[in-house]
Amino acid sequence: MSEREPTIINTGGSGSAGWAVAVIILLAVIVGGYLLFGGAISGGKSVDVNVKLPSIEAPSK
């Protein structure tokens, strides 16, 4: 049987690509949070939830 030469795996260049993907995901989360909670999606409209009930008088005896 012949001997195999050692397999060399070079992972030196993948670190910067991983950081780039992480930064893109972080920016997407920040922009999504701003749109969701900043009111940009709803148009900044506020809703008045105060409800005035009609006055009900007791029946006369």
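Before going into details, it helps to say that this report is about the structure given with it. Keep in mind that this is a model prediction, so the values were computed, not measured. (Residues numbered from 1 in each chain as written. Predicted model: local features only at pLDDT ≥ 70, side-chain atom pairs only at ≥ 80, totals over all residues. Heavy atoms only, no water.)

Focus: the overall build of the protein
When you go through the protein residue by residue, the secondary structure sums to one helix and zero strands. Counting only residues that meet the buried cut, the protein has 2% of its 61 residues in that class. Surface accessibility of the protein: about 6,500 Å² in total, with carbon and sulfur atoms responsible for 65%. (Helix = DSSP H or I, 4+ residues; strand = E, 2+ residues; numbered from the N terminus. Buried < 20%, exposed > 50% of the residue type's maximum accessible area, 1.4 Å probe, protein only. Areas by Shrake-Rupley, 256 points an atom, 1.4 Å probe, with all protein chains shown as cover.)

Concerning a nonpolar patch on the surface
On the surface, Val23, Leu26, Leu27 and Ile30 cluster together to form a nonpolar patch covering roughly 380 Å² of accessible area. Position of isoleucine 30 among the secondary structure elements: in helix H1 (residues 14-37). (Patch = residues over 30% accessible without salt bridge, like charges linked within 9 Å, V, L, I, M, F, W, Y side chains within 5 Å. Salt bridge = Lys/Arg side-chain N within 4 Å of Asp/Glu carboxyl O.)

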